[in-house]
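# Residue-level structure breakdown
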Amino acid sequence: MAVDFRFIIIGRGMMGAAAARHLSSMADGIALIGPREPEERKAHHGVFASHYDEARITRTFDGNLAWGTFAARALDRYGEIEAKSGISFYSEVGCLFAGPEKDEQDYIERALTVSRTLGSDIETIAPSELSQRFPYLAVAADFTGYFERKRAGYINPRALVRAQAKLAEQGGVSLIEATATSVRDAGSHVQVMAGGRSYSAERVLVAAGGFSNFHALLPRPVDTRVMARTVAFYEIGEREMAIFGDMPSTIVLGDREEDHIYILPPVRYPDGKTYLKLGGDTEALSFGRLEDAGAWFRSDGSAAERNHLSRVALQLMPGLAGCPVTSAPCVANFTPTGYPYAGFTQSPRIAVLTGGNFVAAKSSDELGRLGAVLLAEGQLGEADFGGALTPVFAAA
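Just so you know, the residues in each chain are numbered from 1, in the order the chain's sequence is written. Two thresholds apply to this predicted model, a pLDDT of at least 70 for residue-level local features and 80 or more for giving and counting side-chain atom pairs, whereas whole-chain, interface and lining totals are computed over all residues. Note that the side-chain values use all heavy atoms of the structure and ignore hydrogens as well as water.

Two orientations exist for strands paired in a sheet by backbone hydrogen bonds: parallel and antiparallel. When DSSP locates at least two bridges between a pair of strands, those strands are taken to pair. Counting from the N terminus, the helices are the DSSP runs of H or I reaching at least four residues and the strands are the DSSP runs of E reaching at least two. One open sheet holds the 3 strands; their spatial order is S3-S8-S4, and the pairing between them is antiparallel. Each having just a single partner strand, strand S3 (56-58) and strand S4 (90-91) make up the two edges of the open sheet. Where S3 and strand S8 (residues 153-155) come together, 3 bridges link them in antiparallel fashion. For threonine 58, the partnering residue across the bridge sits in S8 and is glycine 153.

Okay, structure coming up:
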């Protein structure tokens, strides 16, 4: 039978929009289905996305070669995406890792090895020099710094998604502003229900992030944990800008992986105010239903986690004392493999791209490219770490 589209991508977030852009240079007959960001978050009852924000850390310094490679490939295309779309989203302010070398030796050594493989320039800063170079940060006297000046900083995820969608549309992709509620392999084609309408395609890529399991989008749910995360925002005034205005993106390593803290430099938000944002990885709340995830996104996050982050923030950055503090919700989508999923489901016509593992925003353009290659060619090669990205599905 004749189909409406050759390929449909479900999910207009960071991976889905990137997949649509890349696929537009490989094929014709493409649709990208997904809703826009809701105007009133607390009144919205539907799906959400975690890119509804103004800043995400980007860097190549990583203890895992695959993740470092994904980031480097994406970073190397930022300039082209900005130039072609006319939308700026990348601020190359550098990224500083700081930590107790004796506790994080294994990670640091692996990250330095990966950096050499990727050709990244990482400056090691001795504990005696760290506080002089980065006076905004108050860490223990034995902390060493690892500073990536180039190919590092932060991106505006909202703006990046706008740029990807704009270029996809210019490349011939049909943008359908609707929420997909079911995907069904009909034998000769795939049937997609979205916004009360039915669309057909030869192949479909489900790139719905943490919401991939919450509608009937996959033949079998993927094995993921959709976890609550709270971020804290410090409202910055002129006094604080004098202290923090030139800081790079920063990651402070703790004794345990879940104790790591990430810090974004001051960024102006749509309300006209400037905020310094930080977050961590300690929360244990997870979601198995759309209703629960939606309720979380309509909240202000966890008050307990906000208070914890505030205590840590004032220890690490005493200059924040007296600044107003607010919080917001986010979710992280974790896979048991530690890698994103990019592969076909039980249907040879339905593929899935998900599993950011709380670190994928910076790599989203490359992950989207992998999704596009998967749809167009039917598989990923080892140069793209295809074996590691094989999806794991929940028990039938």
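To continue, consider the packing of aromatic side chains. Here a pair means two rings of Phe, Tyr or Trp (six-membered ring of Trp) with centres within 6.5 Å. Their orientation is stacked below 30 degrees between planes, edge-to-face above 60, and tilted elsewhere. Enumeration over the complete set of coordinates arrives at 20 aromatic pairs. Note on tyrosine 78 and phenylalanine 89: the rings are 5.4 Å apart at their centroids and 80° apart in plane angle, and the pair reads as edge-to-face. Residue tyrosine 78 is found in helix H2 (residues 65-85), and its partner phenylalanine 89 is found in the loop between H2 and S4; the two are separated by 11 residues along the sequence. Judged by its relative accessible area of 3%, phenylalanine 89 is buried. Here the aromatic rings of phenylalanine 211 and phenylalanine 214 are separated by 5.4 Å at their centres, their planes lie at 90°, and the arrangement is edge-to-face. An identical accessibility class is assigned to phenylalanine 211 and phenylalanine 214; each is buried. Classification of residues uses two cut-offs on accessible area relative to the type maximum, computed with a 1.4 Å probe and protein chains only: under 20% is buried, over 50% is exposed, and between them is partly exposed.

Once that is clear, we can look at helix H9 (residues 364-377). For a helix, the expected span equals 1.5 Å multiplied by the residue count minus one. Here H9 is 14 residues long and its end C-alpha atoms lie 20 Å apart, about the 20 Å a rise of 1.5 Å per residue gives. The buried fraction of H9 is high, at 12 of 14 residues. Downstream of H9 by one or two residues, glycine 378 has phi in the positive range, about 90°.

Cysteine sulfurs are considered disulfide-paired once they come within 2.5 Å of each other. Scanning the entire structure with this criterion turns up 0 disulfides. Free of any disulfide, cysteine 95 has its nearest neighbouring cysteine sulfur in cysteine 330, separated by 18 Å. Accessibility expressed as a relative area gives 1% for cysteine 95, which makes it buried.

Take the nonpolar core next. Side-chain atoms within 4.5 Å are what join buried Ala, Val, Leu, Ile, Met, Phe, Trp, Tyr and Cys residues into a set we call a nonpolar core. If you look at the biggest cluster of nonpolar residues, it comprises 46 residues, and the most contacted ones within it are Ile9, Phe70 and Phe89. Elements with a minimum of two residues in this core: strand S1 (5-10), helix H1 (14-24), strand S2 (30-33), H2, helix H5 (157-170), strand S19 (341-344), strand S20 (350-354) and H9. Residues count as neighbours in contact if any of their non-hydrogen atoms are within 4.5 Å of one another. In contact with phenylalanine 89, not counting residues within four places along its chain, are Tyr78, Ile81, Glu82, Tyr154, Ile155, Asn156, Ala159 and Leu160. Formed by 26 residues, the second largest nonpolar core is a distinct cluster that contains Met247, Val252, Leu320 and Cys323.

Attention now moves to the pattern of salt bridges. The term salt bridge refers to a pairing of a side-chain nitrogen on Lys or Arg with a carboxyl oxygen on Asp or Glu at a separation within 4 Å. A complete count under the given rule lists 28 salt bridges for this structure. Close ionic contact of arginine 73 with aspartate 384 constitutes a salt bridge, the shortest N to O distance being 2.9 Å. With a gap of 311 residues between them, arginine 73 in helix H2 and aspartate 384 in the segment after H9 connect regions that are remote in the sequence. We classify arginine 73 as partly exposed; its relative accessible area is 25%. For aspartate 384, a relative accessible area of 12% translates into the label buried. Linking arginine 151 and aspartate 76 is a salt bridge whose minimum nitrogen-to-oxygen distance equals 3.2 Å. In this pair, arginine 151 sits in the loop between strand S7 (143-148) and S8 while aspartate 76 sits in helix H2, placing the two residues 75 residues apart along the sequence. With relative accessibility at 18%, the residue arginine 151 sits in the buried group. When salt bridges that share partners are traced, they join Arg21, Arg73, Arg77, Asp365, Glu366, Arg369 and Asp384 into one network.

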